[in-house]
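So the chains spell out like this:
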Amino acid sequence: MSSSVITPAAVLRGLKPDWLSDPKVWRTEVLAGLVVGLALIPEAISFSIIAGVDPAIGLFASFTMAVVISVVGGRRAMISAATGAVALVIAPLNREHGLGYLIAAVILAGIFQVALGALGVAKLMRFVPRSVMVGFVNALAILIFVAQVPEMHDVPWAVYPLIAGGLALMVFFPRATKVIPAPLVSIVILTVITVAAGIAVPTVGDKGDLPSSLPAPGLPDVPFTLDTLTTIAPYAFAMALVGLMESLMTAKLVDEITDTHSSKTRESIGQGIANIVTGFFGGMGGCAMIGQTMINVKVSGARTRLSTFLAGSFLMVLCIVFGPVVSDIPMAALVAVMVMVSFATFDWHSIAPKTLRRMPAGEIAVMVITVGVVVATHNLAIGVVVGSVTAMVVFAKRVARLADVTAVTDPDGSGVVYSVSGELFFASSNDLAGRFDYAGDPDRIVIDLSAAHIWDASSVAALDAVQTKYAQRGKTVEIIGLNAPSADLHGKLTGELTSH
């Protein structure tokens, strides 16, 4: 008989993350973090411009979001930073009330996300149908493109060939190698061209100063009054919803790619904590980034929290050390990046004629309504809510059509059996009472619900109405075939839904 002794050293080895015990994992995570950190710089600056804030605000947000979520998030290796979705939601608040209100809204959004995460909002994502998701993504792509139009209006002629050249680089460079992100290559080359040739075009430096030091914590510069709360609350809640939806969708995608499970509740709460910290450090907030996460997980092969942490850390080091160089980046290069992001984000398959011919008309309508509402309101959360409600109406209408009633009269004419099939709920049961021949039926009526299911009080009330109409004519009704849940609901509510 032998026994094994578990030593403290063995326990510590078991607790050590993979990147501490495996040099190969360490190398993969560090390189992935560096590549993502480099790729984050142009997008963070571009999203800052969409939000109408200095580039430093977006860069601070990307730094704090990535570092904090690497510790508290529920999905390892997922990248969170400043995003276009969040920028579009909070841009109107910054435009109308200023940066202080934007920062306050970011903190409040984080509080909302923590509360929603604790309440289990992650479980509600299953009720958002695919057609709404597709509409959400397509609307986001359209808004990102529309946000670039002002940067292409009333500018020097050289801006246009620079944008075209940037787009060409991002299309063709990945065919040579995908080790270095094509957007970064495009920005570097266009910056070198404009600086070396002395081409006078708008630059990042024209938009505001880059950070020269790490962000310092502080409170938002707003009056702490009820009026301020009512001003920022709608934007904060919209940001919380949009951030959670985008983050949970990204987490689900990473789960599928890596064949691993993640805690969606922890991710929801973690997003809130990251936004609260980001707000106190003067950032514009953010959420998970689908594109950068794919670079980290799919292209670079990262699997741990280290890559996420290093992505944020490398980002800030690059800005502080190479700030003057970043200031010389032409705006045309960033516009090209965002146009490319827009085209890559849009789900072109969803509008292909072959797809549209096969898709049910109701689902196409849901997608179009979602896109239309988002583009009209510039609010992704409103579009998702309206799209989801529309999808529910379409679904209810479709299911209601499946409910049917057929009658079979006994050969001797002494009774009739009505067979009811389908799902009985408020939409399908409203017309139920009109499917019976109260005057012409014999004295004994059987309603067979073996092929039906009762879902709500409306259905019980409809069956009560049928029984009442027959009773007024001196006829008896027997209901048979109820399954256990239907029988339980019917037993509790029958006779209790109408006043006497």
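It should be noted that the structure appears before, not after, this text.
Thresholds, definitions, all that
Residues numbered from 1 in each chain as written. Predicted model: local features only at pLDDT ≥ 70, side-chain atom pairs only at ≥ 80, totals over all residues. Heavy atoms only, no water. Phe/Tyr/Trp six-rings, centres within 6.5 Å; stacked < 30°, edge-to-face > 60°. Helix = DSSP H or I, 4+ residues; strand = E, 2+ residues; numbered from the N terminus. Buried < 20%, exposed > 50% of the residue type's maximum accessible area, 1.4 Å probe, protein only. Lys NZ or Arg CZ within 6 Å of the ring centre and 35° of its normal. 1 Å grid on protein atoms, 1.4 Å probe; cavity = no way out; pocket = protein on both sides within 12 Å on 5 of 7 lines; lining within 4 Å. Points joined across faces, edges and corners; volume = space filled by probe spheres on them. Nonpolar A, V, L, I, M, F, W, Y, C, P; charged D, E, K, R; others polar. Axes fitted to C-alpha atoms, helices over the stretch in contact; angles between N-to-C directions. Parallel < 35°, antiparallel > 145°, perpendicular 65-115°, else oblique. Left-handed = near helix turned anticlockwise from the far one by under 90°. Contact = heavy atoms within 4.5 Å.

K.L.:
Please explain the packing of aromatic side chains as it appears in this structure.
P.N.:
Ring pairs (aromatic) are described by centroid distance and by the angle formed between their planes. By the definition in use, this model includes nine aromatic pairs. Here phenylalanine 112 and phenylalanine 237 contribute two aromatic rings whose centre-to-centre distance is 5.5 Å and whose plane-to-plane angle is 85°, an arrangement assigned as edge-to-face. Linking phenylalanine 112 in helix α6 (residues 99-118) with phenylalanine 237 in helix α10 (residues 226-258), this pair joins segments that are 125 residues apart in sequence. Taking the relative accessible area as the measure of exposure, phenylalanine 112 reaches 25% and is therefore partly exposed. With a relative accessible area of 38%, phenylalanine 237 lands in the partly exposed category. An angle of 55° between the planes, with centres 4.8 Å apart, marks the rings of tyrosine 438 and tyrosine 470 as tilted. With tyrosine 438 in the loop between α19 (426-429) and β5 (444-454) and tyrosine 470 in helix α20 (residues 457-471), this residue pair connects regions lying 32 residues apart in the sequence. There is no split in this pair, since tyrosine 438 and tyrosine 470 are both buried. Through a chain of ring-to-ring contacts, the aromatic side chains of Phe145, Phe343, Phe346 and Trp348 assemble into a single cluster. The ring of tyrosine 438 is capped by lysine 469, whose NZ or CZ atom sits 5.8 Å from the centre of that ring.

K.L.:
Would you explain the layout of surface pockets in this entry?
P.N.:
In this approach a probe as big as a water molecule rolls over the atoms, and the regions it shows empty are the leftover space. Estimated volume of the largest pocket: approximately 1,600 Å³. Leu253, Ile290, Gly291, Met294 and Ala344 are, among the 48 residues lining the largest pocket, the residues nearest its centre. Elements supplying a minimum of two residues to the lining of the largest pocket: α3 (23-51), α5 (84-97), α7 (130-148), α8 (159-172), α9 (182-197), α10, α12 (290-299) and α15 (331-345). Residue composition of the lining of the largest pocket, grouped by class: 31 nonpolar, seven polar and 10 charged.

K.L.:
Honestly, the packing of α10 against helix α11 (residues 264-280) in this entry has me stumped. Any pointers?
P.N.:
The relative placement of two packed helices is expressed as an angle between their axes plus a distance between the axes. Taken N-terminus to C-terminus, the directions of α10 and α11 make an angle of 135°; their axes are 10 Å apart at the nearest point. With respect to their mutual orientation, α10 and α11 come out oblique. Note on packing geometry: the crossing formed by α10 with α11 is right-handed. Touching Met239, Leu244, Ser247, Leu248, Ala251, Lys252 and Asp255 of α10 are Lys264, Ser268, Gln271 and Asn275, all from α11. Considered class by class, the residues forming the contact of α10 with α11 number four nonpolar, four polar and three charged.

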